[in-house]
Amino acid sequence: MGAEDIDLVRRCLAEEPGAWESFVRRSGPAIRRGASIALRKFRVSDPGALDNVQQQVYVELLREGRKALWSYQGKSDLEGWLAVVALRTSYHLLRKERP
């Protein structure tokens, strides 16, 4: 948690060159961690599911003028926040697939 997290998000929101690539490199493990928890809970064994969820998280972060990314306030570390976003995104996707 700290200024580095907030600075990276700020740079992404400002569309600074290279910022999104840095964000993706840094966020990947946290997103995969959160998604893995949800996939295990739903007993999903499809190897492509983790990649699908990770891509959907990035879509969600950028949707509607980066609304979700704007919501990051730096009150927790970025990796923890992203893991929760991934967990929630996974649940949403999996509930849509399974009645």
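Above: the structure in question.
Owing to the predicted nature of the structure, the values given are computational and were not obtained by experimental measurement. (Residues numbered from 1 in each chain as written. Predicted model: local features only at pLDDT ≥ 70, side-chain atom pairs only at ≥ 80, totals over all residues. Heavy atoms only, no water.)

Enquirer: So what's going on with unusual backbone geometry? Which residues, and what values?
Expert: Although it is not a glycine, Glu15 sits at a positive phi angle of roughly 55 degrees. Relative to the assigned elements, Glu15 resides in the loop between α1 (3-13) and α2 (19-41). On the accessibility criterion, Glu15 (54% relative accessible area) is exposed. With phi around 50 degrees, Glu64 is a residue other than glycine that occupies positive phi space. With respect to the secondary-structure elements, Glu64 resides in helix α3 (residues 49-70). Glu64 sits in the exposed class, given a relative accessible area of 53%. (Helix = DSSP H or I, 4+ residues; strand = E, 2+ residues; numbered from the N terminus. Buried < 20%, exposed > 50% of the residue type's maximum accessible area, 1.4 Å probe, protein only.)

Enquirer: Just give me the short version of the side chain of Thr89, but keep the residues and values in it.
Expert: Summarising the element assignment, Thr89 is placed in helix α4 (residues 78-97). Excluding anything up to four places from it in sequence, Thr89 contacts Gln56, Val57 and Glu60. (Contact = heavy atoms within 4.5 Å.)

Enquirer: Pulling in residues and values, what's your account of α3?
Expert: Over its 22 residues, α3 extends only 26 Å from the first C-alpha to the last, a length that falls short of the 32 Å expected when each residue adds 1.5 Å. If you look at α3, its biggest bend is around 120 degrees, right at Glu64. Of the positions making up α3, those classed as buried are Ala49, Leu50, Val53, Gln54, Val57, Tyr58, Leu61 and Leu69. Among the structural elements, α1, α2 and α4 are those in contact with the buried residues of α3. (Expected span 1.5 Å × (residues − 1). Bend = angle between axes of the 7 residues up to and from the residue.)

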